[in-house]
Amino acid sequence: MPLKESEAIVLRTYPLGEGDRLVSFLDRQSGRIRGVARGARLPKSRFGSTLEMLAYIRIWYFERETRELVRLNQCELIESFMDVQRDYLSSVGLALVSEVTELALGEREAADAQFRLILLTARAIRTHGPSQVILAYFSLWTARLGGWLGPLDSCSRCTRALGVEAAFHSPGFAELYCAECRDNRMAKISNEALAVGRLALSGTLERLLKENPAMSSAKEILSYALDVLEQHIEKKLISRKTFETGESGIAEI
Ligand SMILES: [Zn+2]
């Protein structure tokens with residue numbers, strides 16, 4: 001049983017047996033992995049607070065060839081997001097990041113870009129609060145890294161450049177169509193929302209936040225990206241609903 005050491009982000013944990021935890025984590029080198037943390041729910045557990053949602057940790061675990069689950073040996077906290085979770089809507093934002101990652105990534109597929117995206121997103125939520133702009137950036141990039149997002153600047157049928165007028169798409173499907181090529185059943189997406197999406201996919205989150213896009217446009221493109229993600233994972237995101245229900249109280253940034 002080789003002992004492996006890596007950096008990881010805790011995605012989710014579930015109670016297991018009498019005092020254990022089943023832990024889903026993103027290993028920076030090896031991708032999404034599930035393992036058992038023995039005694040993690042017992043008082044004075046050696047895992048302490050290292051298994052909180054989105055905790056950035058150094059992890060040591062044993063891999064067993066014949067078993068799917070690894071055995072966690074030790075964890076050390078590099079960065080905690082417990083402080084961010086004290087705010088209700090921020091915690092829902094982090095839950096959305098965790099849920100999307102858990103469902104969108106295949107097991108043991110290297111995902112260093114997603115790893116960096118999660119840290120960037122969680123740190124931005126800490127600094128700016130759980131804004132739609134940040135979650136739109138995260139969701140668009142997750143869809144792009146998954147290979148599920150096409151270009152946001154041209155019609156997928158006639159390839160005409162979009163950019164002044166609204167575009168159309170079937171909800172859940174990323175392909176965009178111009179007014180000429182659209183089908184009557186398609187939903188409209190505004191050019192302002194697409195402009196936010198293009199900016200998100202062509203630069204940094206910092207630049208996007210500096211542009212201070214309108215809340216309504218960020219919300220529209222976030223909704224488009226989450227529809228695309230839900231279509232691919234074949235599941236409705238639980239935290240999306242919670243986020244959308246509670247978001248009316250978020251301050252505009
Ligand atoms: Zn067209």
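Another point: the overall build of the protein chain. Secondary structure summary: the protein chain contains seven helices and seven strands in total. Start at the N end of the protein chain and walk to the C end: the helices and strands fall as β-β-β-β-β-α-α-α-β-β-α-α-α-α. On C-alpha atoms alone, the protein chain measures out to a radius of gyration of 20 Å, which is about the 18 Å that the 2.2 N^0.38 rule sets for 253 residues. Dimensions of the protein chain along its principal axes, counting C-alpha atoms only, are 60 × 40 × 30 Å. Taking all 253 residues of the protein chain together, 51% fall into the buried category. A fraction of 60% describes how many contacts in the protein chain between residues 6 or more apart in sequence connect residues 24 or more apart. Summing over all exposed atoms, the protein chain offers an accessible surface of approximately 12200 Å²; the carbon and sulfur share of this is 49%.

On to the coordination of the zinc ion. Distances from the zinc ion to its protein donors, Cys155 (SG), Cys158 (SG), Cys178 (SG) and Cys181 (SG), fall within 2.3 to 2.4 Å. Between the four donor atoms coordinating the zinc ion, the angles at the centre fall across 104 to 115°, so the site counts as tetrahedral. The sequence pattern describing where the donors of the zinc ion fall on their chain is C-x2-C-x19-C-x2-C. Here the residue Cys155 occupies a position in the loop between helix H3 (132-145) and strand S6 (167-169), and Cys181 occupies one in the loop between S6 and strand S7 (187-189), the gap between them amounting to 26 residues. Of the two residues, Cys155 and Cys181, both sit in the buried class.

Okay, the packing of aromatic side chains next. According to the stated counting rule, one finds three aromatic pairs in the structure shown. Ring centres of Tyr137 and Trp141 lie 6.5 Å apart, and the angle between their planes is 50°; this geometry places the pair in the tilted category. Of the two residues, Tyr137 and Trp141 are both situated in helix H3; the distance of four residues between them amounts to about one turn of the helix. The ring of Phe168 has Arg182 sitting right over it, with the charged end atom 4.0 Å from the ring centre.

Time to look at the pairing of strand S3 (residues 31-37). For S3, a buried count of six out of seven residues is recorded, marking the element as mostly surrounded by other parts of the structure. Pairing of strand S2 (residues 20-27) with S3 involves seven bridges; the strand directions are antiparallel. The residue of S3 that forms the bridge with Phe25 is Ile33. A loop of three residues connects S2 with S3, the two strands running antiparallel in sequence.

Where helix H1 (residues 88-104) meets H3, the axes come as close as 11 Å, and the angle between the chain directions of the two elements is 5°. Relative to H3, H1 is oriented roughly parallel. Residues Gly93, Leu96, Val97, Val100, Thr101 and Ala104 of H1 lie in contact with H3, whose contacting residues are Leu135, Phe138 and Thr142. Taken together, the residues of the contact of H1 with H3 sort by class into six nonpolar, three polar and no charged.

Take the sheet that holds S2 next. A barrel is described by the order of its strands in space; here five strands give the closed sequence S1-S2-S3-S5-S4, paired in mixed fashion. Averaged over all neighbouring strand pairs, the angle between strand axes comes to 50°, with direction disregarded. Judged from the two bridges that link them, S3 and strand S5 (residues 70-79) form a sheet pairing that is parallel. Within S5, the residue paired with Gly35 across the bridge is Val70. Packing against the sheet, helix H2 (residues 112-128) makes contact with strand S1 (3-16), S2, strand S4 (56-62) and S5, and its axis sits at approximately 60° to S1.

Conventions adopted
Residues numbered from 1 in each chain as written. Predicted model: local features only at pLDDT ≥ 70, side-chain atom pairs only at ≥ 80, totals over all residues. Heavy atoms only, no water. Helix = DSSP H or I, 4+ residues; strand = E, 2+ residues; numbered from the N terminus. Rg over C-alpha atoms; globule rule 2.2 N^0.38 Å. Buried < 20%, exposed > 50% of the residue type's maximum accessible area, 1.4 Å probe, protein only. Contact = heavy atoms within 4.5 Å. Areas by Shrake-Rupley, 256 points an atom, 1.4 Å probe, with all protein chains shown as cover. Donors = N, O, S within 2.8 Å, 3.2 Å for Na, K, Ca; no water. Tetrahedral: all angles 85-135°; square planar, octahedral: opposite > 155°, others 65-115°. Phe/Tyr/Trp six-rings, centres within 6.5 Å; stacked < 30°, edge-to-face > 60°. Lys NZ or Arg CZ within 6 Å of the ring centre and 35° of its normal. Pairing = 2+ DSSP bridges. Axes fitted to C-alpha atoms, helices over the stretch in contact; angles between N-to-C directions. Parallel < 35°, antiparallel > 145°, perpendicular 65-115°, else oblique. Nonpolar A, V, L, I, M, F, W, Y, C, P; charged D, E, K, R; others polar.

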